[in-house]
Amino acid sequence: MAVAAVTKYEFAPADTQDKFHGAQLLYIGWEDHLLFCAPFAFPFPPTMRFGDIIAGVLPGAFGYHPDFAKIDWSQTYWFKSGKPWTPDFDKSLAENGLKHKDVIRFHTPGLHGIKGSCS
Amino acid sequence: MDMTVAKKKLGLKERYAVMTRGLDWTPSYQKMEDIYPYIAYEGIKIHDWDKWEDPFRLTMDAYWKYQAEKERKLYSVLDAYTQNNGHLNVTDARYLNTVKLFLSGISPLEYVAHRGFAHAGRQFPGPGPRVACLMQSVDEIRHAQTQVHAVSNYNKYYNGMHDFHHAHDRVWFLSVPKSFFDDAITAGPFEFMVSIGFSFEYVLTNLLFVPFVSGAAYNGDMAAMTFGFSAQSDEARHMTLGLEVIKFILEQDPDNVPIVQRWIDKWTWRGYRVLTLVAMMMDYMLPKRTMSWKESWEIYFEENGGALFKDLARYGITMPKCAEHIALEKDHLSHQAWSTFYNYGAASNFHTWMPDEDEMAWLSSKYPNSFDKHYRPRYEFWREQAAKGNRFYNKTLPMLCQTCQIPMIFTEPGDPTKICYREVDYKNEKYHFCSDHCKEIFEHEPEKYVQAWLPVHQIYQGNCFPEGTDPTVEGFDPLAAVLKYYHLEHGRDNLDFEGSEDQKNFAEWRGQATKNV
Amino acid sequence: MSTVFLALQTNEETRPIIEAILQDNPGAVVDEQPAMVKINADGRLVVRRETIEEITGRDYDLQELQVNMITMSGNLDQTDDEITLFWKA
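Residues numbered from 1 in each chain as written. Chains lettered and ligands numbered in written order. Predicted model: local features only at pLDDT ≥ 70, side-chain atom pairs only at ≥ 80, totals over all residues.

A. The overall build of chain C, seen in detail. Each helix and strand in chain C was counted, giving two helices and seven strands. Counting helices and strands in the order they occur from the N terminus, chain C gives β-α-β-β-β-α-β-β-β. Principal-axis analysis of the C-alpha atoms gives chain C an extent of 35 × 30 × 20 Å. Counting all 89 residues of chain C, 40% fall into the buried class. Intrachain contacts of chain C at a sequence separation of at least 6 include 62% that bridge at least 24 residues. (Helix = DSSP H or I, 4+ residues; strand = E, 2+ residues; numbered from the N terminus. Buried ≥ 20, exposed ≤ 12 C-beta atoms within 10 Å, placed from the backbone. Contact = placed C-beta atoms within 7 Å.)

See the structure below:
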C-alpha cells in the first residue's frame, strides 16, 4: 500500500548506512536475560572481526549480569533474523554476511537469568 | 395578577442552528475544491455536511462564558495552593517525577493538538464540525498553557522540568509521544479526526487523564489535580466530538467503513503504545496508588470500549484486532516499562527507583500471574546491587521499533520470556518492529515511517551532540555529550531518586514546614 | 444493555445535580472516587433540568454542567430540558 497524499510523496530513508560515518548498525540480543530491557544497537565498521565484538564490546554491554562471566562461547548458539546462524569469530562482520541493521541474538545453554527467571 | 413569564428568545436547537449553519455561506466565485483542497484525497465520501450536529449544541458565545468560568476556578485553586506552599504536601518527593513525565511528555502534545484541530477545522466544509474543531483547538492551547503554568511552580523547587519543550523534541523516550502526534497531524483531516478525536480522545483518554488526575488527588497534588479537572471538563466534549465524527463519516457512505476501520485499528494501537508511559506511572510512580494499570484497562477499555464497539457494530465497525494482543500484555506492560526506565535512568529527565517491600507486595497482589514469577527476582537483584553501591545503569543504547519508537522491550504475545522481534525489508533497507501491529502500520505506509527520527540512530549519526562537539577526540564520552544536548545536568536531573537533590531538598523543606528550626 | 456513565467533580455545585440524577434514574449506581463521582446506569441515563431546579430552587441551564463534567460514556443528546446518554445496542 502507499500513503494517501495530495502530491508525490517520496522521501529518503533516515537511517541508510552512508549516514553512519563508515559504520554499519548491528543489533544484538541475549536470550533469557531481560535484565537488559531490549536488544542493543551498535555501530561497527564492516571490517571489524566478529570475535572482537565478543571479547571487546559485549563485556561492557552485558558484563553487569552475573551470568555473563559464566558464558562458554563455544557452546552458544546464534540466530540471525530469528533463524539459526553460525558466526565465524575470526572473520569480519562483512565476511560473516552481516549487513547494515541486521539483528542477531545468542542463546547461552544452562544460563537463564536471575534465579532462572529469564531476567 | 398576570405574571409575565420570561421566555428565552431561542431554544438550544434553534440557537445552535443559527450560530453554526446560519453563519455559513456557499461560495459563488471560488470553487469548493480550491477552498477545501484536502477533503477528497483520503477517499472519504461526504454527501451532506449538514447532517453533522454537536450533541451538546454548544455555540461560541456559550463556549466563552463557560471556559472563562473554568479558568477562574482553576486559578483561584492554583493561587491558594502556591500561597500555601502546597508542593510540600505531596505524599513524597518521588511523586514529582510523575509531574515531570507529564509536563515533558504530554503538555507539548496539547499544543500540537491545538494546531491539529485548527488545521482540521479549517479543512472541513461543514460548519458543524468546523465550529467544534475551533472550540477544541482553543481548548487544547488552554490545556498546554495551564499545565505549563501549574507546573512552573514546581519548577522553582525541583529538577528536570526546566526546559521541558527542548526535551520533548530531543530526549530519547519523548520521541514516542512526539512521533505519535506528528504521525497524526501529518495525516489528512479525516484521519486526524479518527486518530486524535476518536481513538485517542474517546477510546483512550480516560486511561490517560482519569488515573493521572485521581492520582494527583490521592497524592496531595492539588495543582495537577485542578488543571487536570479543568482540562478534563473539556475532554467530555472532545469525546463527544470524536464519537459524532465517526458516526457521521460512517453514515455518509458505506465506502467509508473499511477506511475508518483501518484508522481505528492503527490508532488504537499507536495510542495504546504511548500509554505504556501511563501504565508505568500508575503502577510505579504514584507513591499512593489509585488503581493498577490492569484494573484501569479492564474498566476503561475492555468494559467501556466493549460497549462502544458493540454500539458501532451496526455500521460494520468491529473491535480493533489489537485488543486481543493488548489483553495478553496487561499483566506485563507496566513492569517492562519501569524496567526500561530503571535501565536507562542515567539518560532521562526524571528519577527512577526500585519499589520497596510494601510496594512489591502491592504489585504481587495486583499482578498475581506475573509479578513474582517474572519481575520480582529482577528487582530484588537490582535492589541488592544498589545497596552494595552497584546500582545498574545501562549505558549501551537499545534497538528501537521503527513505528512506535519504543525500545524493543515487549515480549512475544503469550510468552513473557522472549523479546518479540519482527522485521521487514523495504527498498533494500531493513526495518524492525516490536509487534505485528507496528509492522503492519509500517507496511501500509512505508514511505512515511522510513523517515522516522529514531533517537538511537540519530545519536550514532552524530546528530545529538551540542554544536561544535568533536566525537573523534580521545576519551570522548557520548552519554555526557548527549545529556548536554538534552540540556540535562548529570547527577542532578537524572539517576536514582535515592541520593537525589530532589529527595534531599524535599526532606529538608518539609522539615522546616512542620518544625520550628 | 451496556453501561453508560457520567463522571462529575465532587463539589458543592454537583451535589444537587447528582441528587437529581439519582431521583430521575432509579437504576443508577453511584461510584465515589477520589474527587470524582461516577454515575453508572444500564443503557440510558437522563439529566433533567426541572429536577435540578426543584432541588436547588433556582433556574438552571444544563450547559452549566460543562464546567464540572469529567468524562462520560455513550451517545449523547442535549436539549434545553434534558441531557441523555444512551447506547443503541
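B. Up close: the overall build of chain A. When you go through chain A residue by residue, the secondary structure sums to one helix and five strands. Reading the helices (α) and strands (β) of chain A from amino to carboxyl end gives β-β-α-β-β-β. Structurally, chain A occupies a C-alpha span of about 55 × 30 × 25 Å along its principal axes. Here chain A, with 119 residues, has 30% of them falling under the buried criterion. Long-range pairs, those at least 24 residues apart, make up 65% of the contacts in chain A between residues at least 6 apart in sequence.

C. Structural context of the packing of helix 4 (residues 96–105) of chain B against helix 12 (residues 276–285) of chain B. Residues and elements named next belong to chain B. Across the interface, helix 4 lies against helix 12 with an axial gap of 11 Å and an inter-helix angle of 170°. By the angle class used here, helix 4 and helix 12 are roughly antiparallel. Contacts between helix 4 and helix 12 involve Asn 97, Thr 98, Leu 101 and Gly 105 on the former and, on the latter, Leu 277, Met 281 and Met 285. The residue inventory of the contact of helix 4 with helix 12, partitioned by class, reads four nonpolar, three polar and no charged. (Axes fitted to C-alpha atoms, helices over the stretch in contact; angles between N-to-C directions. Parallel < 35°, antiparallel > 145°, perpendicular 65-115°, else oblique. Nonpolar A, V, L, I, M, F, W, Y, C, P; charged D, E, K, R; others polar.)

D. Quick peek at unusual backbone geometry. Residue and element names in this part refer to chain B. With a phi angle near 50°, Arg 57 is a residue other than glycine that sits in the positive phi range. Note on placement: Arg 57 falls in the loop between helix 2 (32–35) and helix 3 (60–83). Accessibility expressed as a C-beta count within 10 Å gives 23 for Arg 57, which makes it buried. Non-glycine residue Asn 85 carries a positive phi angle of around 50°. Inspection of the secondary structure assignment puts Asn 85 in the loop between helix 3 and helix 4. Judged by the 14 C-beta atoms lying within 10 Å of it, Asn 85 is partly exposed.

E. The interface of chain B and chain C, seen in detail. Every contact between the two is made by 32 residues of chain B and, on the other side, 25 residues of chain C. Within the residue set of the side of chain B that touches chain C, elements represented by two or more residues are helix 1 (12–19), helix 3, helix 9 (189–218), helix 10 (222–252) and helix 13 (293–312) of chain B. The element that contributes the greatest number of residues to the side of chain B that touches chain C is helix 10 of chain B, accounting for nine residues.

F. Broad picture of helix 10 of chain B. For helix 10 of chain B, which comprises 31 residues, the first-to-last C-alpha distance of 45 Å matches the rise-based estimate of 45 Å (1.5 Å per residue) to within 8%. Within helix 10 of chain B, the axis deviates most sharply at Asp 234 of chain B, by approximately 25°. (Expected span 1.5 Å × (residues − 1). Bend = angle between axes of the 7 residues up to and from the residue.)

G. Local environment of the sheet that holds strand 3 (residues 77–80) of chain A. Residues and elements named next belong to chain A. Strand order in the open sheet made by the five strands is 2-1-5-3-4, with mixed pairing throughout. If you trace the sheet from one side to the other, it starts and ends with strand 2 (40–44) and strand 4 (83–85), each paired once. Within this sheet the neighbouring strands show an average axis-to-axis angle of 35°, counted without direction. (Pairing = 2+ DSSP bridges.)

H. Inspection of the pairing of strand 3 (residues 422–426) of chain B at higher detail. Residue and element names in this part refer to chain B. Examined bridge by bridge, strand 3 and strand 4 (residues 429–433) share five bridges and lie antiparallel to one another. When the bridges of strand 4 are listed, Asp 425 appears paired with Lys 430. Joining the antiparallel neighbours strand 3 and strand 4 is a turn of two residues, in which Lys 427 adopts a positive phi near 50°.

I. A look at the interface of chain B and chain A. Contacts between chain B and chain A engage 44 residues on the former and 39 residues on the latter. For the side of chain B that touches chain A, the secondary structure elements donating two or more residues are helix 15 (333–343), helix 17 (371–387), strand 2 (415–419), strand 4, helix 19 (446–449) and helix 20 (455–460) of chain B. Per element, the largest residue contribution to the side of chain B that touches chain A is five residues, and it comes from helix 17 of chain B. Class assignment of the residues belonging to the side of chain B that touches chain A gives a composition of 20 nonpolar, 15 polar and nine charged.

J. Looking closely at the packing of helix 6 (residues 127–155) of chain B against helix 10 of chain B. All names here are of chain B. Two elements in contact, helix 6 and helix 10, have axes whose closest approach is 10 Å; the angle formed by their N-to-C orientations is 160°. Taken together, the axis directions place helix 6 and helix 10 in an arrangement best described as roughly antiparallel. For helix 6 against helix 10, the interelement crossing comes out left-handed. In this structure, helix 6 uses Pro 129, Ala 132, Gln 136, Asp 139, His 143, Thr 146, Gln 147, Ala 150 and Asn 153 to contact helix 10, whose residues at the interface are Ala 223, Ala 224, Phe 227, Ser 230, Ala 231, Asp 234, His 238, Leu 241 and Val 245. Across the contact of helix 6 with helix 10, the residue classes tally to nine nonpolar, seven polar and two charged. (Left-handed = near helix turned anticlockwise from the far one by under 90°.)

K. Spotlight on the sheet that holds strand 4 (residues 44–48) of chain C. Residue and element names in this part refer to chain C. Taken together, the three strands give an open sheet; going across it, the order is 4-7-6, and neighbouring strands pair in antiparallel fashion. Of all the strands in the sheet, just strand 4 and strand 6 (75–78) have a single pairing partner and so form its edges. Adjacent strand axes in the sheet meet at a mean angle of 10° when their direction is disregarded. With five bridges connecting them, strand 4 and strand 7 (residues 82–86) associate as antiparallel partners. Counted as the bridge partner of Leu 45 is Leu 85 from strand 7.

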